[in-house]
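Overview (structure and organization)
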Amino acid sequence: MGSSPGTSRSKRAHFLRAALPCFALTVLGSAPVTAQSLTPDLFSPNRGGFASPDTLPTRRTAGVPQAPSDALPTLPDPNADLRKRQQTPARAGQNPTNQSPTSQVPIYGLPAANGASASGYDSLNRKRQQPKFYPGQAKPKRPVGPGSPVPPATPERTLGPPRIAPPPSETAHKTPVAPAMAGNVPGQPLRRRLKIDDDAFGAVGDYAGSFLIKGGLELSTGYDTNPARLNKPIGSPAYVIAPDLLVASDWERHALVADLRGSFSGYTNNMPATIDGFASPSPVEVDRPDFNGHVDGRIDVNRDLKLTTQLRLRLATDNPGSPNVQAGLQKYPVYAAYGTTVGFDQTFNRFQVAAGATVDRTAYTNSKLTDGSTFSNNDRDFNQYGGVGRFSYELKPGLKPFVEIQGDTRVHDQAADRNGFFRDSNGGYAKVGTSFEFSRILTGEVSVGYSARNYVDPRLSQLAGFLTSGSLIWNASGLTTLKFATDTQIAETTIPGSSGVLVHTYAAEVDHDFRRWLTAVGKFTYGTYDYQGQNRNDKTYSFESNLIYKLNRNIWIKGTLRHDILDSNQPGSSSQGTVVMVGVRLQN
């Protein structure tokens, strides 16, 4: 029994499907077949180790050295400057060694940190390239760093058109200033630069041409427990009017300064005409004027030679409690002391010579007595002619020792005074000292010497004594200032048999600012009055405190408390008095 037709056709089909591929491989496989060899690339840990290096997506870029295939890649040398590596262009028809034009690695863009040394931060720490400027171009200032001077708060520009776009840093956190005040208006004339004012509440003043004018007026009222400085105090309400004026030139050469200060002390109560049945040693009206002014001029002939001159005036009365005050006066007689000095100031390198001639006159008004009569004071009037010379040498900046010599002659209008003494005299002084300035903390001048005066009348002994003179300012801090002053004078007197009065004065002052607008001032003054020939010695003490409240530059409020003591070795001549004043100062 044979097989079915379907089964035989199915077997033939399976046989042909297997034979045809074998026949094709036998015909086409003429080359020998080899197996895959074991190489290091097969186990390479590098990324893309099975791909061709030229087709890797992370192939090396220019300047990165080729690492061996069996080692890890190394980082490039940070000190190597990639810009110094220049690619040598290939000549025509010539290719680089072992490379074809198509196998060169292309370079795109700029290398890392290119141009950083000229524009900003350079991570490679290379030397910064300096900019080049064409001839005549303005070079910018160096940036501020350690040791650089402090830049000015405002640009020092007074002429020229304003800049179109100033940087925001010039006006940031600053009060805007009008162009007319800053001097930036086109065509505006040169504006006078104001001097630095250390006092935020000080008077500003006004300009009249080339002169700066500052004026002020103080009005005070209070109470004085003993205005006449009597042994038995008698008090009175008091008021004070004190004007002042300062005029100073603002010239490049030469100078002219006028300093005028005055006051008037008035009292509403009168003093008694008699005390214990005797004429009172004080006037009935104790009002007293006081004025002190001088005008100083300087002509600069050249750099080393200057001509100097001064006009001065002192208007005052005798001090209350002085023995020169007559008994039974209706009011104090007023005297005027005025004069002039003409001299020169010559500089020879560090050596300086200053000399001048002086002429002064002192004149008293007649005394008005309580009975209505008058008494002449012509015997107290005199003229003084003298000269003064000063020689100084600047050892170093801020230290200048000097020697000063003065001599004068006094000639009275009447040869004999009211007591029959001839008071014409010759005198003078000699002193040595130094002026100094130590870093603006301690400045001033001190000197010591000897003063003497000889009189025409042999009954009047020589008036002589030790002389001290000086003025010191110590800036202890930005808020506290200490001042010290001393002076010695030889004054005339009317006491019979006394040659004159040798006056020594010492004063100390402390100023402290609690705020810029609140200042406290403390003063202490000590003086000695030696009436030679009469064995009279007076000592004065004065303690004063002031509190100043500055509302603004034009209005100040001031309070004063002062206690004066006069201690005399003559019985009944000592006295004490306390003054309390409150006032206001108006200034401009």
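About the criteria used
- Residues numbered from 1 in each chain as written.
- Predicted model: local features only at pLDDT ≥ 70, side-chain atom pairs only at ≥ 80, totals over all residues.
- Heavy atoms only, no water.
- Core = buried A, V, L, I, M, F, W, Y, C linked by side-chain atoms within 4.5 Å.
- Buried < 20%, exposed > 50% of the residue type's maximum accessible area, 1.4 Å probe, protein only.
- Patch = residues over 30% accessible without salt bridge, like charges linked within 9 Å, V, L, I, M, F, W, Y side chains within 5 Å.
- Areas by Shrake-Rupley, 256 points an atom, 1.4 Å probe, with all protein chains shown as cover.
- Salt bridge = Lys/Arg side-chain N within 4 Å of Asp/Glu carboxyl O.
- Helix = DSSP H or I, 4+ residues; strand = E, 2+ residues; numbered from the N terminus.
- Polar contact = N/O pair within 3.5 Å; in protein donor to acceptor, adjacent residues only side chain to side chain.
- Contact = heavy atoms within 4.5 Å.

In this section: the nonpolar core. Ranked by size, the top nonpolar core spans 10 residues in total: Ala228, Leu230, Ala238, Tyr267, Met271, Val286, Val325, Leu329, Tyr332 and Leu369. Phe421, Tyr455, Leu463 and Ile490 belong to the second largest nonpolar core, which has six residues in total.

What follows covers a nonpolar patch on the surface. A cluster of nonpolar side chains, contributed by Trp517, Tyr549, Leu551, Ile555, Ile557 and Leu586, occupies part of the molecular surface with about 490 Å² of accessible area. When you line up the elements, Tyr549 lands in strand β21 (residues 536-550).

The next thing to look at is the environment of Gln330. With respect to the secondary-structure elements, Gln330 resides in the loop between β8 (305-316) and β9 (335-348). Taking relative accessible area as the criterion, Gln330 reaches 18% and is therefore assigned buried. Taking the C-alpha atoms as reference, Gln330 lies 4.8 Å from Thr370; in sequence the two are 40 residues apart.

Another point: the side chain of Asp564. With respect to the helices and strands, the residue Asp564 is situated in strand β22 (residues 555-568). Residue classification places Asp564 among the buried positions, given a relative accessible area of 15%. Polar contacts involving the side chain of Asp564 include one to the side chain of Ser542, which spans 3.0 Å. Excluding residues that lie within four positions of it along the chain, Asp564 makes contacts with Arg229, Tyr541, Ser542, Ser575, Gln576 and Gly577.

With glycine set apart, most residues show a phi of negative sign, and most peptide bonds adopt trans. Positive phi outside glycine occurs at Arg229, with the angle close to 55°. Of note in the backbone geometry, His254 takes a positive phi value of approximately 65° without being a glycine. Looking at where His254 falls in the secondary structure, it is placed in the loop between β3 (236-249) and β4 (255-267). By relative accessible area, His254 is classed as partly exposed at 27%.

With the rule as written, the count across this model stands at 23 salt bridges. Across the salt bridge formed by Arg261 and Asp259, the nearest N and O atoms sit 3.2 Å from each other. Its relative accessible area of 45% is what places Arg261 among the partly exposed residues. Assessed through its relative accessible area of 17%, Asp259 is described here as buried.

Turning next to the side chain of Ser265. In this structure, Ser265 sits in strand β4. On the basis of relative accessible area, Ser265 is assigned to the buried category, the value being 14%. Those residues within four positions of Ser265 in sequence are excluded, and the remaining contacts are Tyr239, Val240, Asp287 and Arg288.

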